[in-house]
Amino acid sequence: MLSGPPLALLFDLDGTLADSIALLLAAFRHTFAVHRPHATPTDQQWIAGIGTPLISQMRGFVDSEEMAQQMILTYREFQRTRHDEMLREFDGVGETLALLKSRGHPMALVTSKSNDLAHRALYWLHLTDHIDVVVGMDSTERHKPDPEPVHFALAALGAAPADALFLGDSPHDIAAGNAAGVASVAALWGRFSRTVLEQAHPTWLLEHIRELPALVSRLDAARGS
C-alpha cells in the first residue's frame, strides 16, 4: 500500500501533450517574413528556444525591445488564427491521461505558453477534464528553466517534490524539474533529440507516453515499500 497520496504528475504542453511544432514553426517563419525577411534564423535555432517564454526567444534574434514586441504581436496573431487548424494531440495522450486520472493522480500543466492559449489547447485536445492546475506564462514571474513554475504547480496540487514527476520534451523542462527536486522524465517523441535530452540529465527517458503509467506504478510502489 502507498504510504502517501498518489504521485503528482506535471506535464509540459508543446511537444509533450500537443503536437504543435508545425504551428510554432509556421508562426515563427511568418513573423520573420513580415519583419526581418533577410535575417531569419534557421528552424533549428528557433526550436532550441521553444519551451522558454516567447519574448525570451525573440530577444535573442532582434536588436531592440520595440522590434521584439512588434514581432510578438505578429506571431501571436498568426498563432491564434491558425491554432485550432494546426494543433494535434500526440498519439496516446488522451487515453494515458484518462487512465492516470482514474487512478487518482493529481495533474498539472506547466508551460511557457500564455495561460489563455494553454487552456485553449487543452479544450481543443479534449484534455481539460484531466488537468487540475494550469501554470502558464502569466502564472509566475520566472519561467522554465527556472524551477518557479514547477514549485507553483506543486503548491497548487498540495504535493511535495519527492512525490511528483515532471514530463517534458525539452532540456528546459528537465532543468526546471531537476532544480525543483522532482523526478524529471524526458519525452523522446517531441522535437529534441535523445542526445540533447540526455545532456540535461533527466531521471528517465520515455519513447512513448503510453509507457508512463507503468513507470508511475513502479514509482508509487517504491514509495510505499
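Each chain has its residues counted from 1, following the order in which its sequence is written. Predicted model: local features are reported for residues with pLDDT of at least 70 only, side-chain atom pairs are reported and counted for 80 or more only, and whole-chain, interface and lining totals are derived from all residues. Side-chain descriptors were evaluated using all non-hydrogen atoms of the structure, hydrogens and water having been removed beforehand.

Q: Tell me about helix α10 (residues 212-224), and please be specific about residues and values.
A: Labels follow the DSSP assignment, with helices taken as runs of H or I lasting at least four residues and strands as runs of E lasting at least two, numbered in each case from the N terminus. To estimate the expected span of a helix, count its residues, drop one, and scale the result by 1.5 Å. Here α10 spans 18 Å end to end across 13 residues, near enough to the 18 Å set by a 1.5 Å rise per residue. Buried within α10 are the following residues: Leu212, Pro213, Leu215, Val216, Leu219, Asp220 and Arg223. Along the long axis of α10, the arc covered by the buried residues comes to 160°, so they all point the same way. We call two residues in contact whenever any of their non-hydrogen atoms come within 4.5 Å of each other. For α10, the secondary structure elements touched by its buried residues are β1 (8-11), α5 (93-102), β6 (164-168), β7 (183-187) and β8 (204-206). The rule is simple: take the accessible area with a 1.4 Å probe, protein chains only, and divide by the maximum for that residue type; under 20% is buried, over 50% is exposed, in between is partly exposed. Along the arc lie the directions from the helix axis toward the C-beta atoms.

Q: Summarise the pattern of salt bridges; cite the residues concerned and give the values.
A: Any Lys or Arg side-chain nitrogen located within 4 Å of an Asp or Glu carboxyl oxygen qualifies as a salt bridge. A full pass over the atoms with the stated rule returns 18 salt bridges. Notably, a salt bridge pairs arginine 210 with glutamate 95, separated by 2.9 Å at the nearest N-O pair. Of this pair, arginine 210 sits in the loop between β8 and α10 while glutamate 95 is found in helix α5, placing the two residues 115 residues apart along the sequence. Ionic pairing is found between aspartate 163 and arginine 223, a salt bridge with its closest N-O pair at 3.3 Å. With aspartate 163 in the loop between α7 (148-157) and β6 and arginine 223 in helix α10, this pair connects stretches of sequence that are 60 residues apart. The class of aspartate 163 is partly exposed, set by a relative accessible area of 25%. Here the residues in one salt-bridge network are Asp12, Lys144 and Asp173, joined through shared partners.

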